[in-house]
Amino acid sequence: MTTDRSIFSVTGSDREAFLQGLVTNDVAKLKDGLVYAALLTPQGKYLADFFLVPAEDAILIDIKTGIAAATMQRLTMYKLRANVQIAESPLKVGCGTGSMPDGAFRDPRHEALGWRHYAETPQSDDTDWTALRVTHQIPETGVELSPDTYILEVGFENLNGVDFRKGCYVGQEVTARMKHKTELRKGLAQVAISGDAATGADITKDGKPVGTLLSRAGDKALAYLRFDRADGTLVADAATLHRL
């Protein structure tokens with residue numbers, strides 16, 4: 001069981017239209033399984049990421065516990081007169097990469113991420129999730145995904161987390177402009193790393209700031225980098241890095 005996740009239930013006749021106008025992905029895709037999505041500020045910056053889960057007469061929200069209360073509060077603020085109710089669910093989350101349990105869903109972000117299982121006592125396995133995330137450049141809530149992040153800079157499009165054809169949602173205009181009119185100058189990258197450095201350490205080259213060190217697994221890590229400065233040997237604390 002994954003203990004750092006919370007589940008909320010969104011019910012009411014307006015639940016699909018309500019979420020469709022707020023999140024980055026197309027709620028209609030729930031007919032095919034899980035939908036990975038984010039909630040953004042009107043300026044297009046990250047507030048929260050979560051999975052939408054199809055359920056009988058409800059849409060479940062699978063979200064990191066540390067951001068759950070603030071996110072549900074914001075959703076409630078947007079509710080206005082919509083026929084929507086939001087309540088915490090007793091269900092728990094299980095995750096794994098082995099044989100998929102009955103009733104589980106494929107993780108839509110990447111085929112290597114296996115499945116997610118929702119039950120009062122869900123199944124899980126002992127997958128090394130940090131190593132898997134680093135290998136496939138999967139951002140984690142509160143680490144690679146943090147306030148002021150633009151979701152396209154951390155690969156949200158490759159994670160099937162944003163739909164550019166669904167129409168308006170909060171932050172849509174900025175996200176669409178970044179997609180169609182600009183070249184990303186900063187973003188998430190995989191680096192080779194040798195030596196000791198803490199998560200969150202500043203990365204520099206010749207004394208100039210290049211980015212921030214994030215999740216690490218062995219001799220590889222994820223980093224948020226300025227691409228124009230990220231060639232050659234980089235330094236973070238007592239470690240040296242090279243972009244892969």
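Scope of this entry: the structure provided in the associated data block. As the structure is a computational prediction, the values presented were derived from the model and not from experiment. Along each chain, numbering runs from 1 in the same order as the chain's sequence is written. For this predicted model, a pLDDT threshold of at least 70 governs which residues receive local features, and a threshold of 80 or more governs which side-chain atom pairs are given and counted, while totals over whole chains, interfaces and linings are taken from all residues. Side-chain numbers here rest on the full set of heavy atoms in the structure, without hydrogens or water.

**Quick word on the pattern of salt bridges**
Here the idea is simple: oppositely charged side chains can pair when their charged atoms come close. Spelled out, the test is: Whenever Lys or Arg places a side-chain nitrogen within 4 Å of a carboxyl oxygen from Asp or Glu, that contact is recorded as a salt bridge. For the exposure calls, accessible area comes from a 1.4 Å probe over protein chains only, and a residue counts as buried if that area is under 20% of its type's maximum, exposed if over 50%, partly exposed in between. Only DSSP runs of H or I with at least four residues qualify as helices, and only runs of E with at least two residues qualify as strands; both kinds are numbered from the N terminus onward.
Scanning all chains against the criterion turns up 16 salt bridges. Residue Arg109 pairs with Asp107 through a salt bridge whose shortest N-O separation is 2.8 Å. For the pair formed by Arg109 and Asp107, the shared burial category is buried. Its salt-bridge partner being Arg133, residue Glu144 comes within 3.1 Å of it at the nearest N-O pair. Remark: Arg133 occurs in helix α3 (residues 129-136) and Glu144 occurs in the loop between α3 and α4 (172-181); sequence separation between them is 11 residues. Given the relative accessible area of 8%, Arg133 is considered buried. Counted as one network, the salt bridges with shared partners bring together Asp4, Lys64, Arg133, Glu140 and Glu144.

**Quick word on α4**
Because an α-helix completes one turn every 3.6 residues, residues spaced three or four positions apart along the sequence face the same direction. Stated precisely, the cut-off is as follows: Contacts between residues were defined by any pair of non-hydrogen atoms, one from each residue, lying within 4.5 Å.
Taken as a whole, α4 has its buried residues at Val174, Thr175, Ala176 and Met178. Considering only its buried residues, α4 is in contact with β2 (35-40).

**Description of the environment of Val174**
Structurally, the position occupied by Val174 is in helix α4. A relative accessible area of 16% means that Val174 is categorised as buried. In this structure, the C-alpha to C-alpha distance between Val174 and Ile63, residues 111 residues apart in sequence, is 24 Å. Apart from the residues within four sequence positions on either side, Val174 is in contact with Pro42, Gln43, Gly44 and Tyr150.

**A look at the pairing of strand β3 (residues 46-55)**
For clarity, the threshold we go by: Pairing between strands requires that DSSP locate at least two bridges from one strand to the other.
With 7 of its 10 residues buried, β3 lies for the most part within the structure. Of the strand pairs in this sheet, β2 and β3 are connected by 6 bridges, and their pairing is antiparallel. Its bridge partner being in β3, Ala38 is matched across the sheet by Asp49. Counting the residues between successive antiparallel strands, the hairpin from β2 to β3 contains 5 residues, one of them, Gly44, with a positive phi of roughly 85°.

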